[in-house]
Amino acid sequence: MGKNILLHVTGSISCYKACALVSLLTKKGYEVKVVASEDALKFVGAATFEGLSHNKLETTMFGNDDPIPHIHLAQNWADLIISYPCSANTINRLACGLADDLFGAVCLANNFEKPLLIAPAMNTQMFRHPSVQESLKKLEGWGAQILPCGEGDLACGTKGIGRLLEPDEALSFIEKSLN
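Residues numbered from 1 in each chain as written. Predicted model: local features only at pLDDT ≥ 70, side-chain atom pairs only at ≥ 80, totals over all residues. Heavy atoms only, no water.

## Some remarks on unusual backbone geometry
So, point 1. Between Tyr84 and the following residue, Pro85, the backbone shows a cis peptide bond with an omega angle of -5 degrees.
So, point 2. For His54, which is not a glycine, the phi torsion comes out positive at approximately 65 degrees.
So, point 3. One can find His54 in the loop between helix H2 (46-53) and helix H3 (69-77).
So, point 4. Positive phi, normally seen in glycine, also occurs at Phe112, with a value near 65 degrees.
So, point 5. With respect to the helices, strands and loops of the structure, Phe112 is situated in the loop between helix H5 (102-110) and strand E4 (116-120). (Helix = DSSP H or I, 4+ residues; strand = E, 2+ residues; numbered from the N terminus.)

Below is the structure:
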């Protein structure tokens, strides 16, 4: 395949699905680099993402081998960028154009030149909150592709919309975006 996928992972109980997605992508021949929030690493460890992707996990703009990772990842390396799972906080931050972390800076440096896929994952009430809905519409209007949420049992013990899209479904959206 020869395509490079930049996978951003936010803090969510559904982070384990990101591990499955990395595995599916690498088995299909994609090169995968993972950028994880500090909260994501409270659910899944760095060694898991590094072992599955065969690449160093990135978490910050500073202290890397690359002095400007946000530019190189967005403009020179990635063929597609996906946030999976994408939290309400990250969705709202991206819609405000904040670049106070590596992923926010990557998104600004990309400026929708390469496909940006957002896979929301959160509690139903959080997903339906007007700030999240407005932010998703804004991001979509700017050029991001918002992936659908599933409905069903949520980690919080309720039922409703907000489940993270299954890894094989996310893979289908990635492959469609790259073709």
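## So, the packing of H3 against H5
So, point 1. Close contact between H3 and H5 brings their axes to 8 Å; oriented N to C, the two are set at 45 degrees. For the element pair H3 / H5, the angle class is oblique. The way H3 lies across H5 gives a crossing that is right-handed. Side by side, H3 and H5 meet where Pro69, His70, Ile71, Leu73, Ala74 and Gln75 of the first sit next to Leu102, Ala105, Val106, Ala109 and Asn110 of the second.
So, point 2. Looking at side-chain class alone, the contact of H3 with H5 contains 8 nonpolar, 3 polar and no charged residues. (Axes fitted to C-alpha atoms, helices over the stretch in contact; angles between N-to-C directions. Parallel < 35°, antiparallel > 145°, perpendicular 65-115°, else oblique. Left-handed = near helix turned anticlockwise from the far one by under 90°. Contact = heavy atoms within 4.5 Å. Nonpolar A, V, L, I, M, F, W, Y, C, P; charged D, E, K, R; others polar.)

## Structural notes on the pattern of salt bridges
Side chains that carry opposite charge are capable of pairing whenever their charged atoms lie near each other.
So, point 1. Under the definition given, this model contains 7 salt bridges.
So, point 2. The closest approach of N and O atoms between Asp153 and Lys159, which form a salt bridge, is 2.6 Å.
So, point 3. Overall, the relative accessible area of 46% leaves Asp153 in the partly exposed class.
So, point 4. According to the relative accessible area criterion, Lys159 is exposed, its value standing at 64%. (Salt bridge = Lys/Arg side-chain N within 4 Å of Asp/Glu carboxyl O. Buried < 20%, exposed > 50% of the residue type's maximum accessible area, 1.4 Å probe, protein only.)

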